Amino acid sequence: MLGLILRRLSISAVILLIVSMLVFVATLLLPGDPAQAILGQQATPERLEALREQMNLNDPFAQRYLHWLGGLFVGDFGVSAASGGSVAALLGDRIAASLVLMALAAAISIPVGILVGTYSALRRGRAGDHAATGISLVLAALPDFVIGIALVTLFSTTVFTVLPSVTMAPPGEQVWDYPSQLILPVLTLVLVVMPYIIRMMRTTMIEVLDSGYVEMARLKGVPERQVIVRHALPHAIAPVAQVVAIQLAWLAGGIVVVEFLFRYPGVGQALVDAVTNRDVQVVQALAMLIAAVYVVVNLLADIVGIVTNPKLRTGGIR
Amino acid sequence: MTTIDTATEAIAVPPGLLRRIIRQRQAKIGLVLTGIVVLVAVVGPLLLPWLTGYTSTEFAGRPFQPDGVFGTDNLGRDILSRFLGGGLTLLVFAALATALGMVLGTAAGMLAAYQGGALDGIIMRGNDVLLALPQLVFALLAITVLGPQGWVVVLVIGITHAPRIARVTRSAASAVITEDFIRASEMYAVPRWKILLKDVLPNITGPLMVELGLRMTYSIAAIASLSFLGLGMQPPTADWGLMINENRIALTVQPWGVILPVLAIAILTVGSNLITDAVARASATVEENK
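Residues numbered from 1 in each chain as written. Chains lettered and ligands numbered in written order. Predicted model: local features only at pLDDT ≥ 70, side-chain atom pairs only at ≥ 80, totals over all residues. Heavy atoms only, no water.

An unreviewed UniProt entry lists chain B under the name ABC transporter permease, with Cryobacterium suzukii given as the organism. Looking at chain B in UniProt, the text filed under Sequence similarities (unreviewed entry) is "Belongs to the binding-protein-dependent transport system permease family." (UniProt positions renumbered as here; feature names shortened; annotations may be inferred.)

In the nomenclature of an unreviewed UniProt entry, chain A corresponds to ABC transporter permease from the organism Cryobacterium suzukii. Under the UniProt heading Sequence similarities (unreviewed entry), the entry covering chain A gives this text: "Belongs to the binding-protein-dependent transport system permease family." According to UniProt, the comment filed for chain A under the heading Subcellular location (unreviewed entry) is "Cell membrane".

Written out as structure tokens, the structure is:
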């Protein structure tokens, strides 16, 4: 089992390395000079040359790549062309703010999704099930910003005006000091992520409920409640863990639109701003950050899959 | 002709995939929903001038006024005109991106499954790399380098669809290529591309149709999202995603500029998802009948 996990780990490392090359090549393709972009049109040739030297722009391409890659490991992401400050300082608070958003969305959508999916499976074919599957089918189809705008229209502007539609924390204070501002962004993410968890939970639970050992437990006279909690649920959790991981990985990219919509001061909003300003250093740093989260979460999903699968765990396969 | 007909009747061949799709209630609802939006998007630009009196970029008055049917937008343009004129680009771009992704993905997936060996390895590892970046982040990276232009959006959405489609194609095709009729074609020395096109492709249409529907829904969502972020279609183009971006600051005074395009995108994606769901069910029954 350990060998299998190590193999997955090394594959992930190689993938991240290739992604970093792809992301870095983006700078090469960009027209114009980053030093010029930072200093502006009025800069003297001497200052330009000095900044180029400072940013290592005169070094050969491979050396610049290695320098950049080395910087990523020690938290040195380069200099932002738009603000002139270091990218790391720009992103510090924003990473924490985005993590709060993701953690809250995950903490709500996973248990609720599992509960609704189980309920749906138990009431298969009845009204409650039809409602749950119908709603999750519709929600799964809607783009995230459509769900977000619908919530804003409902709760903060046109219909009711009970919740703030934008996040605004005075400088120095953190976003989580204003919980009411977090409700709509978190709710949007929950509604985007949950349908997939519900659908997967329902499908696996139905499969498990039809299996021989659940029938056996029922025939033995085990109370229905215990059949579900002790016999059925543990077997359905493993496949659902994979879907949960995929959804968490999706959150890493999905926060971009939701943060932009609610003006939430996280990495997603920073990414959109950087793309608008063509601030390559920031885009690169954020792309690598999001890719890293994506790859790590997928790796965790694989590991959960290996650990919960008895055949893989004991080395029966391979 | 008649003898053949009676012969097929006798074996009771299951109805074709299309007919089985249409028979489902979900497919009917989905077709009606998407049909309405497609009709608005396609006929809208033609009816524009005499229906509202303004083109989609013409100024009709002062900003955020209740003039006309739905009022004016942030720059004083007629909202109904912009709505009617703003759907076609989204649909065309989504269709182009989906088509590009389907062609690339199907070709890569079939090649990987049929050739196996080193080529399979290279294609599938390449897929893993492309899948390591979320689609939207990949698109944003491309837009940073190449600028927010229509062809960049189509290209990058198409390319990021391809690995996902290739995976599905590969697993569907691997089941087909071990069949005897493929070996028979090989013995007749039929060229490889012909085997893939004439023998493999027709046998994996079920999963590919599901993938087509799914990717179309995602393309619409992704392209509309990019425009919403202000990084897809650029002003003064009339575009549903862009309209939402431009008018959301005035949601309290002039909600129509946001509500109309949001509703259209919602109906469109829900409709195409319903159709996809029906296709998935219909092609699943084919598998059972085999």
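Here the narrative resumes, following the displayed structure.
**Things to note about the overall build of chain B**
Along its length, chain B carries 13 helices and 0 strands. In chain B, the succession of α and β elements from N to C terminus is α-α-α-α-α-α-α-α-α-α-α-α-α. Residue pairs in contact within chain B that sit at least 24 positions apart in sequence constitute 71% of those at least 6 positions apart. Counting only carbon and sulfur atoms, one obtains 68% of the accessible surface of chain B, whose full area is about 13,300 Å². Positive and negative charge centroids in chain B, built from 20 and 18 side chains respectively, lie 3 Å apart. (Helix = DSSP H or I, 4+ residues; strand = E, 2+ residues; numbered from the N terminus. Contact = heavy atoms within 4.5 Å. Areas by Shrake-Rupley, 256 points an atom, 1.4 Å probe, with all protein chains shown as cover. Lys, Arg positive; Asp, Glu negative; His and termini not counted. Charge placed at Lys NZ, Arg CZ, Asp CG, Glu CD.)

**Comments concerning the packing of helix α10 (residues 224-261) of chain A against helix α11 (residues 267-277) of chain A**
Residues and elements named next belong to chain A. α11 packs onto α10 with a crossing angle of 85 degrees between their chain directions and a minimal axis gap of 7 Å. Classified by the angle their axes make, α10 and α11 are roughly perpendicular. Here α10 contributes Ile255, Val256, Glu259 and Phe260 to the contact with α11, which in turn contributes Val267, Gly268, Gln269, Leu271 and Val272. Split by residue class, the contact of α10 with α11 holds 6 nonpolar, 2 polar and 1 charged. (Axes fitted to C-alpha atoms, helices over the stretch in contact; angles between N-to-C directions. Parallel < 35°, antiparallel > 145°, perpendicular 65-115°, else oblique. Nonpolar A, V, L, I, M, F, W, Y, C, P; charged D, E, K, R; others polar.)

**Considering the interface of chain B and chain A**
Buried accessible area, meaning the area lost when the parts come together, often serves as the stated size of an interface. Across the boundary between the two partners, chain B contributes 42 residues, which contact 43 residues of chain A. Here chain B packs against chain A, burying approximately 3,500 Å² in sum over the two surfaces, 79% of which is carbon and sulfur. Note that A:Arg199 is salt-bridged to B:Asp277, the shortest N-O span being 3.2 Å. At the level of elements, α6 (117-131), α7 (135-146), α11 (205-228), α12 (240-247) and α13 (256-289) of chain B are the ones that each hand at least two residues to the side of chain B that touches chain A. Top element by residues in the side of chain B that touches chain A is α13(B). It accounts for 10 residues. Taken together, the residues of the side of chain B that touches chain A break down into 29 nonpolar, 9 polar and 4 charged. (Buried area = accessible area lost by both parts, 1.4 Å probe. Salt bridge = Lys/Arg side-chain N within 4 Å of Asp/Glu carboxyl O.)

**Quick look at the UniProt feature "transmembrane region" (unreviewed entry) in chain B**
Residue and element names in this part refer to chain B. What UniProt calls "transmembrane region" (unreviewed entry) maps, in this numbering, to residues 29-51, 90-114, 149-166, 216-233 and 253-275. Annotated as 94% helix and 0% strand, the span residues 149-166 places its first and last C-alpha atoms 26 Å apart. Counted over residues 253-275, helix gives 87% and strand 0%. Its end C-alpha atoms are 36 Å apart.

**Some points on the UniProt feature "transmembrane region" (unreviewed entry) in chain A**
All names here are of chain A. Within this structure's numbering, the places UniProt gives as "transmembrane region" (unreviewed entry) are residues 9-30, 95-122, 134-162, 182-198, 240-262 and 282-308. In residues 95-122, the share of helix is 100% and the share of strand is 0%. The end C-alpha atoms are 40 Å apart. Helix makes up 100% of residues 182-198 and strand 0%, with an end-to-end C-alpha separation of 23 Å.

**Comments concerning the confidence of the model for chain B**
Residues and elements named next belong to chain B. Scored by pLDDT, chain B has a mean of 84; 93% of the residues are at 70 or more. The secondary structure element of chain B with the lowest average pLDDT is helix α1 (residues 2-11), at 46, and the one with the highest is helix α5 (residues 88-115), at 93. Under a pLDDT of 50 for its full length, residues 1-10 has, in the predicted model, 1 contact with residues more than four places off or in other chains. Scoring of the predicted complex yields 0.85 for pTM and 0.83 for ipTM. (pLDDT = per-residue confidence, 0-100.)

**Quick notes on a nonpolar patch on the surface**
Residue and element names in this part refer to chain B. On the surface, Val38, Val42, Leu88, Val92 and Leu96 cluster together into a nonpolar patch covering about 350 Å² of accessible area. Elements represented by at least two residues in the nonpolar patch include exactly α3 (25-52) and α5. Counting residues per element, the nonpolar patch draws most heavily on α5, at 3 residues. Assignment of secondary structure puts Leu96 in helix α5. Residue classification places Leu96 among the partly exposed positions, given a relative accessible area of 47%. (Patch = residues over 30% accessible without salt bridge, like charges linked within 9 Å, V, L, I, M, F, W, Y side chains within 5 Å. Buried < 20%, exposed > 50% of the residue type's maximum accessible area, 1.4 Å probe, protein only.)

**Side note on the pattern of salt bridges**
Counted according to the given criterion, the structure contains 12 salt bridges over all chains. Salt-bridge contacts for A:Glu224 lead to A:Arg218; the nearest nitrogen and oxygen are separated by 2.8 Å. On the basis of relative accessible area, A:Glu224 is assigned to the partly exposed category, the value being 37%. Its salt-bridge partner being B:Asp277, residue B:Arg281 comes within 3.5 Å of it at the nearest N-O pair.

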